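Chains, contacts and geometry: an overview
Single-letter residue listing:
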Amino acid sequence: MEGSFFSIDKKDSEYFKSVFSDSMYHIFLFIGKGKIVVDFTEYDFDGRMIFFSTPFQNIQILSDEKIEINILDFHSDFYCIEFHKNEVACNGLLFNNIYLFPHFTLSEDVFNDILNYFKKIEEVDRKEEFSGSILQSYLQLILAICSKEKNKILPDKELLKDDFNSLKSFQNLVEEYFLTEKNLSFYADKLNVTSNTLSKKIKSKFNKTPSQIIQERVILEAKKQIHLTRKSFKEVAVELNFNDEFHFSKYFKKYTGISPTRFRKEGGISIVADLYK
């Protein structure tokens, strides 16, 4: 199983100049300067970086210099981050959070520690009887280290006091109303600001517009329903407030590049779909 669902690789940044997307979770480890593009949102990077992506996100890594990128790939069938959420609180921190940046800078010591674990994973004999358990243990350790490091630099700690309440209020409103309210004006009215003011404030903090955030929240919920449950696409469409399955499928493909059918086929249905009925 590990050969298909878990791997370590090295590629240079030229490979990621074109849009990349597949059914795996990815951890990218590299040193350099440039831009990461995730679902058409740009993030600058400079230094020793670690970057996390989820299945079928559209990824580019752009740099004027050639960068060697270490990549750890794993499929949900190998390590389900939802199932292991009590051991490693990475779901919503390292992965699957539309408000947090998908990358961050590491100190030299932490970077080298994670790189050493990458190398140890490479050294594991895949034919050993317990190699799968060993690989999962290394992966879990890497995720635990990264969760600890990211917790130190959460955006809330950087917000100016004047901005904190309005930005947090916007997030709370999106979580409450994203299924029924997709227009920017609704959120601006709730916050007693103009749409233009809200757009500028959100864009400056999250590198994306309020409309993008609302769309991403809908897609994130759609991915959860497709991956973490056995609901039919018709049931998912109803829960997400689409007129019918066709409109849901069209919306999903517009923002992900793939159909809900392909997402479920290649991403699979999580073990939690049967455990938490």
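Bear in mind that the values here come from a model prediction, so they are computed numbers and not experimental data.

Side note on the overall build of the chain
Of regular secondary structure, the chain possesses 11 helices and 6 strands. With respect to the principal axes defined by its C-alpha atoms, the chain has extents near 60 × 40 × 35 Å. Each of the 277 residues in the chain was classed as buried or not, and the buried ones make up 48%. The long-range fraction of contacts in the chain, counting pairs at least 24 apart against all pairs at least 6 apart in sequence, stands at 72%. Element-wise, carbon and sulfur atoms account for 48% of the exposed surface of the chain, whose accessible area totals about 14,200 Å².

Focus: a nonpolar patch on the surface
On the surface, Phe83, Ile271 and Leu275 cluster together into a nonpolar patch covering about 260 Å² of accessible area. Its location among the elements puts leucine 275 in helix α11 (residues 272-275).

Section: the packing of aromatic side chains
Tallying each qualifying case throughout the model produces 24 aromatic pairs. Ring geometry for phenylalanine 16 and phenylalanine 28: centres 5.5 Å apart, planes at 85°, overall edge-to-face. Within this pair, whereas phenylalanine 16 is found in the loop between β1 (6-12) and β2 (25-38), its partner phenylalanine 28 is found in strand β2, the two being separated by 12 residues in sequence. Put simply, the rings of Phe56, Phe242, Phe248, Tyr251, Phe252, Tyr255 and Phe263 pair up and form one aromatic cluster.

Structural notes on the nonpolar core
Residues Ile27, Leu72, Phe74 and Phe95 are the most contacted members of the largest nonpolar core, which totals 34 residues. Those elements giving two or more residues to this core turn out to be β1, β2, β3 (41-53), β5 (68-74), α2 (108-123) and α3 (131-151). For this core, the leading source of residues is α2, giving 7 residues. Residues within four places of phenylalanine 95 in sequence aside, it is in contact with Tyr25, His26, Ile27, Phe52, Ser53, Thr54, Phe74, Ile81, Cys90 and Leu143. Core analysis: the second largest hydrophobic core is formed by 33 residues, Tyr187, Leu191, Phe248 and Tyr251 among them.

With respect to empty space enclosed by the protein
For the coordinates displayed, the defined rule picks out 1 cavity of 30 Å³ or more. If you add up the space inside the largest cavity, you get close to 230 Å³. Around the largest cavity, the lining is made up of 19 residues, and of these Tyr25, Asn96, Lys223, His227 and Phe263 lie nearest the centre. Those elements giving two or more residues to the lining of the largest cavity turn out to be α7 (210-228) and α10 (260-267). In terms of residue count, α7 provides more of the lining of the largest cavity than any other element does, 5 residues in total.

Topic: the side chain of serine 147
Along the chain, serine 147 falls in helix α3. For serine 147, a relative accessible area of 6% gives the class buried. If we ignore the near neighbours within four places in the chain, the residues touching serine 147 are Val88, Ala89, Cys90, Leu93 and Leu94.

Quick word on the pairing of β5
For β5, the tally of buried residues reaches 6 of 7 residues, placing the bulk of the element in the interior. Sheet topology note: the β2/β5 ladder contains 6 bridges and is antiparallel. Paired with phenylalanine 30 across the bridge in β5 is isoleucine 69.

Focus: the confidence of the model for the chain
Predicted confidence across the chain gives a mean pLDDT of 90, with 92% of residues reaching 70 or more. When the criterion is pLDDT under 50, residues 157-162 qualifies, and its contacts beyond four places in sequence or with other chains add up to 7 contacts.

Structural notes on the environment of isoleucine 31
With respect to the helices and strands, isoleucine 31 occurs in strand β2. Here isoleucine 31 falls in the partly exposed class, since its relative accessible area comes to 48%. Residues isoleucine 31 and lysine 201, spaced 170 residues apart in sequence, show a C-alpha to C-alpha distance of 30 Å. Among residues more than four places away in sequence, those in contact with isoleucine 31 are Gly47, Arg48, Ile67 and Phe111.

Regarding the pattern of salt bridges
For the structure on display, the rule yields 14 salt bridges. Across the salt bridge formed by glutamate 14 and lysine 17, the nearest N and O atoms sit 3.3 Å from each other. For glutamate 14, a relative accessible area of 39% puts it in the partly exposed group. A salt bridge links arginine 48 to glutamate 108; the shortest N-O distance between them is 3.9 Å.

What counts, and where the lines are drawn
Residues numbered from 1 in each chain as written. Predicted model: local features only at pLDDT ≥ 70, side-chain atom pairs only at ≥ 80, totals over all residues. Heavy atoms only, no water. Helix = DSSP H or I, 4+ residues; strand = E, 2+ residues; numbered from the N terminus. Buried < 20%, exposed > 50% of the residue type's maximum accessible area, 1.4 Å probe, protein only. Contact = heavy atoms within 4.5 Å. Areas by Shrake-Rupley, 256 points an atom, 1.4 Å probe, with all protein chains shown as cover. Patch = residues over 30% accessible without salt bridge, like charges linked within 9 Å, V, L, I, M, F, W, Y side chains within 5 Å. Salt bridge = Lys/Arg side-chain N within 4 Å of Asp/Glu carboxyl O. Phe/Tyr/Trp six-rings, centres within 6.5 Å; stacked < 30°, edge-to-face > 60°. Core = buried A, V, L, I, M, F, W, Y, C linked by side-chain atoms within 4.5 Å. 1 Å grid on protein atoms, 1.4 Å probe; cavity = no way out; pocket = protein on both sides within 12 Å on 5 of 7 lines; lining within 4 Å. Points joined across faces, edges and corners; volume = space filled by probe spheres on them. Pairing = 2+ DSSP bridges. pLDDT = per-residue confidence, 0-100.

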